[in-house]
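# Fold and geometry: a report
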Amino acid sequence: MDRSVAVKLDEMDPLKKYKKLFYIDDESVCYLDGNSLGRLPNKTVLDLNNLLINEWGKHIVGGWADWIDEAERVGDLIGRSALGAAPGQTLAIDTNTINLYQLAWAAIKSNPNRKKILTDRANFPSDRYAMEGIAKELGMELVYIENEDTSLSEGEIITPDLLSKYLDSDVAIVTLQIIQYRSGGLNNYAEIESMVIKNGALMLWDCSHALGSVNLQFDQNQIGLAVGCTYKYGNSGPGAPGWLYVSSELQSKLDVPIRGWFGVKNQFEMGPVFEKSESIRGFQISTPSILGLRSVKSGFEMIEEATMDLIQEKCLKGTDFMISLFDEWLIPLGFSLTTPRERNKRCGHIIITHPDGAQIAVALRKMKKVFPDYREPNGIRFSFSALPTSFTEIYDGFYRLKELVESGDYKKISLTSSSVT
Ligand SMILES: Cc1ncc(COP(=O)(O)O)c(C=O)c1O
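Below, the structure is looked at part by part.

### Comments concerning the overall build of the chain
Counting its secondary structure elements, the chain contains 13 helices and 13 strands. In terms of C-alpha radius of gyration, the chain reaches 22 Å, essentially the compact-globule figure of 22 Å for 421 residues. Dimensions along the principal axes, computed over C-alpha positions, put the chain at roughly 70 × 60 × 40 Å. Going through the 421 residues of the chain one by one, you find that 56% of them count as buried. Restricting to contacts in the chain with at least 6 residues of sequence separation, those with at least 24 account for 73%. If you sum the accessible surface of the chain, you get close to 17,700 Å²; carbon and sulfur atoms cover 54% of it. Charge separation in the chain, taken as the distance between the mean sites of 45 positive and 55 negative side-chain charges, equals 2 Å.

Laid out in structure tokens, this is it:
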């Protein structure tokens, strides 16, 4: 395939203006790891500087008059721009894992006669560990859907058929990812949510790899509970606050395990007991990081302007293009594709495997300025973040990968250098 194909795709891209709005230190880098950490928007630098000088610096503690509701305001922005959720259902706060724990505990306690937590074997480690801890503490049985074996599941996807083998009348909560973090497989979340609710359980989604790539439409799909992070396709920065979503319908029905002063009805009454707010604020524990929230705000304002319709379509075109290059250049070099090929089963990232995957992934960064990441066993993960990435970046990155493996140069790289993959 000729590079002019990628150039043409970039020319026709309705989102092409956004790449220029990011800080790019080295134009020769092919950054295909935006589902791990997004790039820095130029506006974030200005917004944070403005916050430091004109808000914190100027108003000191007086700033809290405005900052006190910032987790709700930024939550609403995430809801509006990326979740398809009406206001008052999303909070930008804490981290994925803390939010997952908070909501899983709340959901389980609301259904005290049921004793099973259902999740999948290929789920993200934090999610499995958090459920392990809750199961131990609350005397629940943790059941794993077996989706790591390719004879049971294509690309780790939880089909309604597979799920129905595990859903019984003792399941209190099911927790899954919308996009599988490793394979990039997209679960049919609307159908799964409806199956779980019909079974009398609650569904809790981890949207880490879906937020900012999949046009989620939570209200339309009647999603009940979800969490996610903002530092991937949200381009909100390393360790930026995560978010939680509780539908209006569920908010007053759920209690919370960690009771903090931000979650009460009248925070500054400093009352003797915890009286949970009936709004989404009832799920907030603590003082939010205003610095972090400001960078989430500038990331998601860009998503709102660009629209999730166009972003999802560009993500799909990006992974279509990666798969075409994989077919032409990488199959002959011994690579396999783990991500499903169908458009309705993937979105913003793919994973390819090779017996020397770990060494190739490190060599790509060190020798070729191409940034994927590596996931055990043997998987090299490439993502296409719609706003800061171009099609030529994919073309060049895959071309350099082909050269690296054809030449065998990656074998010169040692694997001992970094604990982060
Ligand atoms: C799918 C998924 N879930 C959970 C996490 C954990 O997020 P955190 O470190 O914000 O708790 C990550 C982190 O990358 C993730 O990719």
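After that view of the structure, there is still more to cover.
### Description of the pairing of strand β3 (residues 116-120)
With five of five residues buried, β3 is to be regarded as a mostly interior element. Strand direction decides the pairing type here: β3 and strand β4 (residues 141-145), joined by five bridges, are parallel. By the bridge assignment, Ile117 is partnered in β4 with Leu142. For the handedness criterion, the β-α-β arrangement of β3, helix α6 (residues 125-138) and β4 is classed as right-handed. In this sheet, strand β5 (residues 171-177) lies alongside β3 in parallel orientation, the contact comprising three bridges. If you follow Ile117 over to β5, its bridge partner there is Ile173.

### As for the sheet that holds strand β8 (residues 243-246)
The strand order across the open sheet built from seven strands is β2-β8-β7-β6-β5-β3-β4, with neighbouring strands paired in mixed fashion. Bordering the open sheet on either side are β2 (90-92) and β4, each of which pairs with just one other strand. Neighbouring strand axes in the sheet, compared pairwise and without regard to direction, differ in orientation by 15° on average. Bridge count between β2 and β8: three bridges; the pairing is antiparallel. Bridge pairing links Leu91 to Leu244 in β8. Those strands touched by helix α5 (residues 96-109) are β3, β5, β6 (202-206), β7 (225-228) and β8, and its axis lies near 165° from that of β7. Packed onto the sheet, helix α8 (residues 189-198) meets β5 and β6 and runs at close to 150° relative to β6.

### Structural notes on the site of the ligand
Taken together, Thr95, Asn96, Thr97, Phe124, Asp127, Gln177, Tyr181, Asp206, Ser208, His209, Tyr231 and Lys232 make up the full set of residues adjacent to the ligand. Contacts to the ligand include Asn96, whose side-chain N or O atom sits 3.2 Å from an oxygen atom. One nitrogen or oxygen atom from the side chain of Lys232 is found 2.9 Å from an oxygen atom belonging to the ligand. If the ligand stood free it would expose 400 Å²; the protein chains cover 82% of that surface. Considering only residue class, the shell around the ligand consists of three nonpolar, six polar and three charged.

### What to know about the packing of aromatic side chains
Here the structure, examined in full by the defined rule, presents 13 aromatic pairs. Plain terms: the ring middles of Tyr395 and Tyr399 are 6.3 Å apart, the flat faces sit at 5° to each other, and that makes the pair stacked. Of this pair, Tyr395 and Tyr399 both sit in helix α13 (residues 391-407), four residues apart, roughly one helical turn. Each member of the aromatic cluster is reached from another via a ring pair, and the members are Trp261, Phe262 and Phe268.

### Considering the sheet that holds strand β10 (residues 349-353)
Read across the sheet, four strands follow the order β9-β10-β13-β12 without closing on themselves; strand pairing throughout is antiparallel. Edge positions in the open sheet fall to β9 (336-337) and β12 (373-375), since each of these has one partner strand only.

### Digging into the pattern of salt bridges
For the coordinates displayed, the defined rule picks out 35 salt bridges. Between Arg294 and Glu70 there is a salt bridge whose closest N-O contact spans 2.9 Å. Of this pair, Arg294 sits in helix α10 (residues 290-306) while Glu70 sits in helix α4 (residues 70-83), and the two are 224 residues apart along the sequence. On the accessibility criterion, Arg294 (9% relative accessible area) is buried. Among the residues examined, Glu70 registers a relative accessible area of 3% and is labelled buried. Residues Glu146 and Arg121 are paired through a salt bridge, measuring 2.6 Å at the closest nitrogen-oxygen approach. With Glu146 in the loop between β4 and α7 (160-164) and Arg121 in the loop between β3 and α6, this residue pair connects regions lying 25 residues apart in the sequence. Linked by salt bridges that have partners in common, Glu55, Asp66, Glu70, Arg73 and Arg294 make up one network.

Criteria and cut-off values
Residues numbered from 1 in each chain as written. Predicted model: local features only at pLDDT ≥ 70, side-chain atom pairs only at ≥ 80, totals over all residues. Heavy atoms only, no water. Helix = DSSP H or I, 4+ residues; strand = E, 2+ residues; numbered from the N terminus. Rg over C-alpha atoms; globule rule 2.2 N^0.38 Å. Buried < 20%, exposed > 50% of the residue type's maximum accessible area, 1.4 Å probe, protein only. Contact = heavy atoms within 4.5 Å. Areas by Shrake-Rupley, 256 points an atom, 1.4 Å probe, with all protein chains shown as cover. Lys, Arg positive; Asp, Glu negative; His and termini not counted. Charge placed at Lys NZ, Arg CZ, Asp CG, Glu CD. Pairing = 2+ DSSP bridges. Right-handed = clockwise from strand over helix to strand, strands pointing away. Axes fitted to C-alpha atoms, helices over the stretch in contact; angles between N-to-C directions. Near = heavy atom within 4 Å. Polar contact = N/O pair within 3.5 Å; in protein donor to acceptor, adjacent residues only side chain to side chain. Nonpolar A, V, L, I, M, F, W, Y, C, P; charged D, E, K, R; others polar. Phe/Tyr/Trp six-rings, centres within 6.5 Å; stacked < 30°, edge-to-face > 60°. Salt bridge = Lys/Arg side-chain N within 4 Å of Asp/Glu carboxyl O.

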